[in-house]
Amino acid sequence: MKKTGITTTVPIEVLLAAGYQPVDLNNIFISHPEPEKLLAVAERDGFPLNCCAWIKGIYGVCLQGGLDSVLCVTSGDCSNTIMLMEVLKLKGIKTMAFAYPEQPDSRRMSSALKRLAGDLGTTLEAAEGLRDELQPARNAVLELDRLTWQEGLVSDWENHISLVSASDFNQDNRRYLAGTEALIEECRRRQPYRDDMLRLAYIGVPPVFGRQLYGFLESNKARVVFNEVQRQFAMPRPGRNLPEQYTNYTYPYSIHGRLRDIRAEIKRRRIDAVVHYVQAFCHRAIGDIILRRGLNLPVLTLEGNSDFGLSQQNRTRLEAFLDIVTLKRQGRRTLVRSPV
Ligand code: SF4
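Bear in mind the structure is a predicted one, so any value in this text is a computation, not a measurement.

Quick notes on the rules
Residues numbered from 1 in each chain as written. Predicted model: local features only at pLDDT ≥ 70, side-chain atom pairs only at ≥ 80, totals over all residues. Near = placed C-beta within 6 Å. Nonpolar A, V, L, I, M, F, W, Y, C, P; charged D, E, K, R; others polar. Axes fitted to C-alpha atoms, helices over the stretch in contact; angles between N-to-C directions. Helix = DSSP H or I, 4+ residues; strand = E, 2+ residues; numbered from the N terminus. Parallel < 35°, antiparallel > 145°, perpendicular 65-115°, else oblique. Left-handed = near helix turned anticlockwise from the far one by under 90°. Contact = placed C-beta atoms within 7 Å. Buried ≥ 20, exposed ≤ 12 C-beta atoms within 10 Å, placed from the backbone. Pairing = 2+ DSSP bridges. Right-handed = clockwise from strand over helix to strand, strands pointing away. Arc of directions from axis to C-beta.

(A) The arrangement of the site of the ligand in detail. Surveying the vicinity of the ligand reveals the residues Cys52, Trp54, Ile55, Asp77, Cys78, Asn80, Val205, Gln279, Cys282 and Arg284. Within the shell around the ligand, the residues separate by chemical class into six nonpolar, two polar and two charged.

If you want it as structure tokens, here you go:
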């Protein structure tokens, strides 16, 4: 199959039906042994220092070669992608475009999917067949997610990496399924995490310092039991068909739709506090104003740039935040116990 880079989560069923293997460029960038080198490639070619690291990293991955083309999402993700697409064309890289509808509307989504399928030489019906084939992998990772928050058997890093990889199933959905099922089996044999650990929600785009963040939280008696955007990559509300599935996917649309999903999961997963990750120079950081107002819980806004390790400043902020949340939770318990 021809490899097509994707700049964010897209309807991969259409790509697969047309004979393209989607490759999530974000995951290649962030798992690169030396991601700084990919940023340097972009900056040498003129990307400004104050451009988001994900965009520069994606560009660096594209220039490494090995891709037939790149599918750029021009609406519903990042305005920087439009200019990225132009620069990739300048470099002789074949690009294609996909635009999410402005509103989550399944009729408009159906038209967008048909247009993409037509551009790639396939049909929506063929893509629906691929949806069925991918469903077991999605079911497996959603079960892993349930084991994380409901049974306390999965680490927050395992939860993050499994969900974030559902954007392209690490380029092999069958191997991804086998790996996730093996992890589920292993987790079921574990002792659950202590239930006095703080329960956190992580909201926002995936962090540049993933493993260190999750490890640091766990070593400070706190677990992320809700990875918001990463969970969306696994299509938790698949609906009856592809148009419904990508209409229910919250990330490309208004922040208020995301907020409804976040609130419902915070309640279901008994969350104590929220870490909102924002990427430096990202327009989505402004959404912090709305998210903070809409969430009735302590929120820490954590910013990352091109620092692939967790800085001392961020460690200190996290520690202070967790201390406050712990005190608040103890206070709540005292209040609950006091009449007895
Ligand atoms: S983090 Fe923000 S600016 Fe960077 S690629 Fe994602 S949406 Fe665009």
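(B) Region of interest: the packing of helix H7 (residues 124-149) against helix H9 (residues 173-188). Two elements in contact, H7 and H9, have axes separated by 9 Å at closest approach and are oriented at 25°. As judged from the angle between their axes, H7 and H9 are roughly parallel. The two elements H7 and H9 meet at a crossing, and its hand is left-handed. Facing Leu134, Pro136, Ala137, Ala140, Val141, Glu143, Leu144 and Leu147 of H7, the residues of H9 in contact are Asn173, Tyr176, Leu177, Thr180, Glu181, Leu183, Ile184 and Cys187. Class assignment of the residues belonging to the contact of H7 with H9 gives a composition of twelve nonpolar, two polar and two charged.

(C) A look at the environment of Glu265. Along the chain, Glu265 turns up in helix H13 (residues 255-268). Of the residues examined, Glu265 has 19 C-beta atoms within 10 Å and is grouped as partly exposed. Once the C-alpha coordinates of Glu265 and Phe281 are considered, the two residues, 16 residues apart in sequence, prove to be 28 Å apart.

(D) Quick peek at the pairing of strand S1 (residues 2-6). Pairing of S1 with strand S2 (residues 20-24) involves five bridges; the strand directions are parallel. Across the sheet, Ile6 pairs through a bridge with Asp24, a residue of S2. In the classification by handedness, the crossover that spans S1, the intervening helix H1 (residues 12-17) and the parallel S2 is right-handed. Here S1 pairs with strand S3 (residues 69-75) via three bridges, running parallel. By the bridge assignment for S3, Thr4 is matched with Ser69.

(E) Seen up close, the sheet that holds strand S4 (residues 95-99). What the four strands build is an open sheet, ordered S2-S1-S3-S4; its pairing is parallel. Of all strands in the sheet, those bounded by a partner on one side alone are S2 and S4. In this sheet, adjacent strand axes meet at a mean angle of 30° when their direction is disregarded.

(F) Unusual backbone geometry, seen in detail. In this structure, Phe169 is a non-glycine residue whose phi angle is positive, near 50°. Position of Phe169 relative to the elements: it lies in the loop between helix H8 (156-164) and H9. In this structure Phe169 comes out as buried when scored by C-beta crowding, with 23 C-beta atoms within 10 Å.

(G) Highlighting helix H4 (residues 53-63). Among the eleven residues in H4, ten count as buried, and that is most of the element. Taken as a whole, H4 has its buried residues at Ala53, Trp54, Ile55, Lys56, Gly57, Ile58, Tyr59, Gly60, Val61 and Cys62.

(H) Focus on helix H5 (residues 80-90). For H5, the full list of buried residues reads Thr81, Leu84, Met85 and Leu88. End-on view of H5: buried residues confined to an arc of 105°, all on one side of the axis. Exposed and facing more than 90 degrees away from the buried side of H5 are Met83, Glu86 and Leu90. The inward-facing, buried residues of H5 abut H4, S3 and S4.

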